[in-house]
Number of protein chains: 2
Amino acid sequence: MTIPAHRIAFGERLRTLRRELGWSSQEAFAHHVGLDRTYISGLERGSRNPTLDVIVKLAHGLDVKPAELLSTIY
Amino acid sequence: MTIPAHRIAFGERLRTLRRELGWSSQEAFAHHVGLDRTYISGLERGSRNPTLDVIVKLAHGLDVKPAELLSTIY
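What counts and what doesn't
Residues numbered from 1 in each chain as written. Chains lettered and ligands numbered in written order. Predicted model: local features only at pLDDT ≥ 70, side-chain atom pairs only at ≥ 80, totals over all residues. Heavy atoms only, no water. Helix = DSSP H or I, 4+ residues; strand = E, 2+ residues; numbered from the N terminus. Rg over C-alpha atoms; globule rule 2.2 N^0.38 Å. Buried < 20%, exposed > 50% of the residue type's maximum accessible area, 1.4 Å probe, protein only. Contact = heavy atoms within 4.5 Å. Areas by Shrake-Rupley, 256 points an atom, 1.4 Å probe, with all protein chains shown as cover. Buried area = accessible area lost by both parts, 1.4 Å probe. Salt bridge = Lys/Arg side-chain N within 4 Å of Asp/Glu carboxyl O. Polar contact = N/O pair within 3.5 Å; in protein donor to acceptor, adjacent residues only side chain to side chain. Nonpolar A, V, L, I, M, F, W, Y, C, P; charged D, E, K, R; others polar.

The name an unreviewed UniProt entry gives chain A is Helix-turn-helix protein, with Naumannella halotolerans as the organism.

Shown next as structure tokens:
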């Protein structure tokens, strides 16, 4: 299955913000936000399609506004 | 079930942008973006939890960046 461009952009943005904001490990960040590491990995690769509730949970865990996670998507 | 504040904010934002950008009817906008009118109605009331794919589809239908739909969410 081809991964849509917006999912790739979201995943790259999540990975960039996660690392920039001090969560070098997917495992530690996953625990912090209460999600599974494999799910975080899938989001960062673009294979998962997060809901609004999950986007907000990720943003809160990173201490950024939810819109920041979508800022590179067109 | 209590509707989370971010869903209410998203729904109000969607309704505002839809009307501002010329789609006075949910039915016409739903047809434009290829979704059901009852689903658009549920999104605007906050009862539905859209995926990233749906957020992007709505944004494209409105001709705004996806982040614009989340701009009022904290």
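Visitor: Explain the overall build of chain A here, please?
Guide: Looking only at helices and strands, chain A features five helices and zero strands. Helices and strands appear in chain A in the N-to-C order α-α-α-α-α. In summary, chain A has a C-alpha radius of gyration of 11 Å against a globular reference of 11 Å for 74 residues, a match within 12%. Across its three principal axes, chain A shows a C-alpha extent of roughly 30 × 25 × 20 Å. Counting every position in chain A, which comprises 74 residues, the buried fraction comes to 49%. Across chain A, the fraction of contacts at a sequence separation of at least 24, relative to all contacts at a separation of at least 6, is 56%. By element, 51% of the accessible surface of chain A is carried by carbon and sulfur atoms, the whole surface being about 3,800 Å².

Visitor: Which parts of the structure should I look at to understand the interface of chain A and chain B?
Guide: A common way to express how large an interface is: the accessible area buried when the components associate. Each partner contributes residues to the interface: chain A has 18 residues there, and chain B has 18 residues. Surface buried jointly by chain A and chain B totals about 1,800 Å² across both partners, of which 64% is contributed by carbon and sulfur atoms. Across the chain A-chain B interface, the total number found is two salt bridges. Linking Asp53 of chain B and Arg7 of chain A is a salt bridge whose minimum nitrogen-to-oxygen distance equals 2.9 Å. Where chain A meets chain B, there are 16 residue pairs in polar contact (both at pLDDT 80 or more). Counting residues per element, the ones that place at least two in the side of chain A that touches chain B are α1 (5–20), α4 (52–62) and α5 (66–69) of chain A. When grouped by side-chain class, the residues that make up the side of chain A that touches chain B number ten nonpolar, five polar and three charged.

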